[in-house]
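Breakdown of the fold
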Amino acid sequence: MPASSATRTSGTGPLRLVAVSAGLSKPSSTRLLADRLAEATSRELAAEDRKAEVEIVELRDLAVEIANNLVTGFPAPALSAALEAVTGADGLIVVSPVFAGSYSGLFKSFFDLIEPDALTGRPVLLAATGGTARHSLVVEHAMRPLFSYLHALTLPTAVFAATDDWGAGADAYAGGLPARIDRAGGEFAGLLRGLTPGTGATGADEVDEVDEVVPFEDLLANLK
């Protein structure tokens, strides 16, 4: 079973930043984007004297264990460690390649193993890679709803990297991939900067207050 947010270690140490890469090839542009985003976030945090410990979770290396867990319900040690790293992180960077207009099956299968409330209030930076910029909306119409379902706190700014974005000429104009990575890293660091390590974006009491459901009859009474 993955660790819940309640089991994270609180304190005043470094922030725990976990980047999940669902790239399949080696080398992988998906892994490269995850590394660049983690570096940009760590650099911005360091500028404010906040330290971050970065861990990369490569789903490619866990593909067989993920499939076995879906069938048996029991994670192998390496997969269990990855799930605990993700659910115990102070902030997540998640990057998937685009397959058939959505995130990859490997990416979805991994997050299917996360308990629905384990990422409640967790800051998440969304990113994706694809062949062309025409796939860029996958972040909004597929990835963001997934993490909204998991009650995570997604950064409004996301990063999509097409194949052409990695070319030598792509860095030459304003708004290129390096600039977008720096912007997202800076905004994500700003979101993480006020956290106490191990506590997430909001305390448990705050999350319960936000998620409180008003009975339907009370809503109707207010209309009278």
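Residues numbered from 1 in each chain as written. Predicted model: local features only at pLDDT ≥ 70, side-chain atom pairs only at ≥ 80, totals over all residues. Heavy atoms only, no water.

1. Observations regarding the packing of aromatic side chains
Filter applied, for reference: The rule is short: rings of Phe, Tyr and Trp, with Trp giving its six-membered ring, pair when the centres are within 6.5 Å, and they are stacked under 30 degrees, edge-to-face over 60, tilted in between. Here a strand is any run of E in DSSP of at least two residues, a helix any run of H or I of at least four, and the numbering for each starts at the N terminus. Only protein chains enter the accessibility calculation, which uses a 1.4 Å probe; a residue whose area is less than 20% of its type maximum is buried, one above 50% is exposed, and one in between is partly exposed.
According to the stated counting rule, one finds five aromatic pairs in the structure shown. Here the aromatic rings of Phe107 and Phe147 are separated by 6.2 Å at their centres, their planes lie at 65°, and the arrangement is edge-to-face. Of this pair, Phe107 sits in helix H4 (residues 105-112) while Phe147 sits in helix H5 (residues 138-149), and the two are 40 residues apart along the sequence. A relative accessible area of 0% places Phe107 in the buried class. Residue classification places Phe147 among the buried positions, given a relative accessible area of 0%. Both rings, one in Phe110 and one in Phe111, keep their centres 5.2 Å apart while their planes meet at 85°; by these two values the pair is edge-to-face.

2. Examining the nonpolar core
The tendency in soluble globular proteins is for nonpolar side chains to be buried as a group. What counts here: The definition of a nonpolar core used throughout is a set of buried Ala, Val, Leu, Ile, Met, Phe, Trp, Tyr and Cys residues joined through side-chain atoms within 4.5 Å. Between two residues, a contact is recorded if the distance between any of their heavy atoms is within 4.5 Å.
Formed by 38 residues in total, the largest nonpolar core has its most connected members in Val94, Phe111 and Phe147. The set of elements that each furnish at least two residues to this core consists of strand E1 (15-21), helix H3 (77-87), strand E3 (91-99), H4, strand E5 (123-130), H5 and strand E7 (159-162). Here this core takes six residues from H5, the largest share from any one element. With near-sequence residues (within four places) excluded, Phe111 lies in contact with Val20, Val86, Val94, Leu119, Phe147 and Leu150. One finds Leu15, Ala19, Val95 and Ala189 within the second-largest nonpolar core, a separate group that totals 23 residues.

3. Some points on the pairing of E5
Working note: regular strand, side chains alternate between the two faces of the sheet. What counts, and what does not: A pair of strands is considered paired only if DSSP assigns at least 2 bridges between the two.
E5 sits mainly inside the fold: eight of its eight residues count as buried. In this structure, E3 lies alongside E5, joined through six bridges in parallel fashion. By the bridge assignment for E5, Ile93 is matched with Leu125. As paired strands, E5 and strand E6 (residues 153-154) are joined by two bridges and run parallel to one another. Counted as the bridge partner of Val124 is Thr154 from E6. With four bridges connecting them, E5 and E7 associate as parallel partners. Residue pairing across strands places Ala127 opposite Val159, the latter belonging to E7.

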